[in-house]
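One letter stands for each residue in the lines below.
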Amino acid sequence: MRVLVVEDETRLAEGLRRGLEAESFAVDVAATGTDGLWMAREQDYSVILLDIMLPGISGYRVCETLRKEGNWTPILMLTAKDGEWDQVEALDTGADDYLTKPFSFAILLARLRALIRRGAAERPTVLEAGDVKVDPASRRVWRGDTPVDLTAREFAVLEFLIRHVGDVVTKREVLDAVWDFDFEGDANIVEVYVRHLRNKLDRPFGRAAIETLRGAGYRLASNGG
């Protein structure tokens with residue numbers, strides 16, 4: 001099994017190479033994000049060990065780019081940053097696991113083997129309905145090639161609709177998915193956010209993707225309106 005180590009700390013990279021080779025892995029090492037991205041594109045790997053703070057481009061960017069290109073090689077992020085939002089960003093950009101430096105080689109090896117057993121299951125990064133595109137990881141939305149700026153709540157409503165594209169969803173289902181279960185406000189709040197979405201996603205483009213079915217709920221047209 002071949003492993004790609006993308007790490008700019010020379011001693012750590014060499015230590016990982018020696019340790020992994022002793023465990024019968026074939027190991028390639030890249031010292032910059034740019035080289036790591038190129039190697040990940042050119043060679044099939046069983047797993048990638050990816051530092052976050054790298055020369056060239058960051059590990060976040062490497063991971064995000066590979067996922068957008070449909071490369072689902074398992075990625076274990078390595079970093080000295082241990083803040084919870086750093087972990088959130090690593091996972092949201094497509095990493096499969098996260099390990100903070102300094103770490104035990106035995107723990108790294110166990111997590112690496114777990115990722116290899118799991119394999120590279122294909123997972124779409126971008127959800128589409130016609131020319132409406134939603135990227136849940138980066139929380140970005142486009143109509144065609146035009147970015148559409150949404151608030152966090154507007155994005156959540158749209159993400160729910162596009163995950164049920166072509167299906168009729170009730171107002172209650174939207175509330176349960178997007179608001180807290182104990183939400184006791186006016187259920188018509190859903191109408192407010194649907195109207196916001198239409199004003200940003202449909203009307204400026206002369207489209208009508210979000211349909212209202214009176215007495216039933218809402219539906220996002222599979223062709224994007």
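Residues numbered from 1 in each chain as written. Predicted model: local features only at pLDDT ≥ 70, side-chain atom pairs only at ≥ 80, totals over all residues. Heavy atoms only, no water.

Another aspect to go through is the overall build of the chain. Counting secondary structure elements, the chain contains eight helices and eleven strands. Scored against the burial criterion, the 225 residues of the chain give a buried share of 43%. For the chain, the share of sequence-separated contacts (at least 6 apart) that also reach a separation of at least 24 residues comes to 56%. Split by element, the accessible area of the chain, about 11800 Å² in all, is 48% carbon and sulfur. (Helix = DSSP H or I, 4+ residues; strand = E, 2+ residues; numbered from the N terminus. Buried < 20%, exposed > 50% of the residue type's maximum accessible area, 1.4 Å probe, protein only. Contact = heavy atoms within 4.5 Å. Areas by Shrake-Rupley, 256 points an atom, 1.4 Å probe, with all protein chains shown as cover.)

Let us now look at the pattern of salt bridges. Evaluation of the coordinates by the stated rule reveals 17 salt bridges. Put simply, R17 and E14 hold a salt bridge, and the shortest N to O gap is 3.5 Å. Note that R17 and E14 are positioned in helix α1 (residues 10-22) at a spacing of three residues, about one turn of the helix. You can call R17 partly exposed: its relative accessible area is 25%. Where R113 meets E23, a salt bridge forms, and the shortest distance between an N and an O atom there is 2.9 Å. Taken together, the positions of R113 in helix α5 (residues 105-118) and E23 in the loop between α1 and β2 (26-30) put the pair 90 residues apart, joining distant regions of the chain. (Salt bridge = Lys/Arg side-chain N within 4 Å of Asp/Glu carboxyl O.)

Bringing the side chain of D51 into the picture now. Mapped onto the elements of the fold, D51 is located in strand β3 (residues 47-51). Given the relative accessible area of 3%, D51 is considered buried. Within the structure, the side chain of D51 is placed 3.3 Å from the side chain of K101, a separation counted as a polar contact. Discounting residues that sit within four places of it in the chain, D51 has contacts with V6, E7, D8, G59, L78, T79 and K101. (Polar contact = N/O pair within 3.5 Å; in protein donor to acceptor, adjacent residues only side chain to side chain.)

With 26 residues, the main nonpolar core has V157, L161, V174, W179 and L220 as its most contacted residues. Contributing elements (two or more residues each) for this core: β6 (127-129), β7 (132-135), α6 (152-163), α7 (171-178), α8 (189-202) and β11 (217-220). For this core, the element with the most residues is α6, which contributes six residues. Leaving out residues up to four positions away in the same chain, L220 has contacts with A129, L158, L161, I162, V165, G166, D167, A209 and I210. Among the nonpolar cores identified, the runner-up in size contains 19 residues, and Y45, L54, Y60 and C63 belong to it. (Core = buried A, V, L, I, M, F, W, Y, C linked by side-chain atoms within 4.5 Å.)

Bringing α1 into the picture now. The terminal C-alpha atoms of α1 lie 18 Å apart, and with 13 residues this matches the ideal 18 Å at 1.5 Å per residue to within 8%. By the burial criterion, the buried members of α1 are A13, L16, G19 and L20. Taken end-on, α1 shows its buried residues confined to a sector of 135 degrees, consistent with a single buried face. With respect to the buried face of α1, the exposed residues turned more than 90 degrees away are T10, R11, R18 and A22. Contacts made by the buried residues of α1 are with β1 (2-6), β2, β3, β4 (75-79) and α5. Phi for S24, located one or two positions after α1, is positive at around 75 degrees. (Expected span 1.5 Å × (residues − 1). Arc of directions from axis to C-beta.)

Of the strand pairs in this sheet, β7 and strand β8 (residues 140-143) are connected by four bridges, and their pairing is antiparallel. In the sheet register, V134 faces β8, and the bridge partner there is V141. In the sheet, β8 pairs with strand β9 (residues 146-147) via two bridges, with the strands oriented antiparallel. Counterpart to W142 in the pairing with β9 is P147. (Pairing = 2+ DSSP bridges.)

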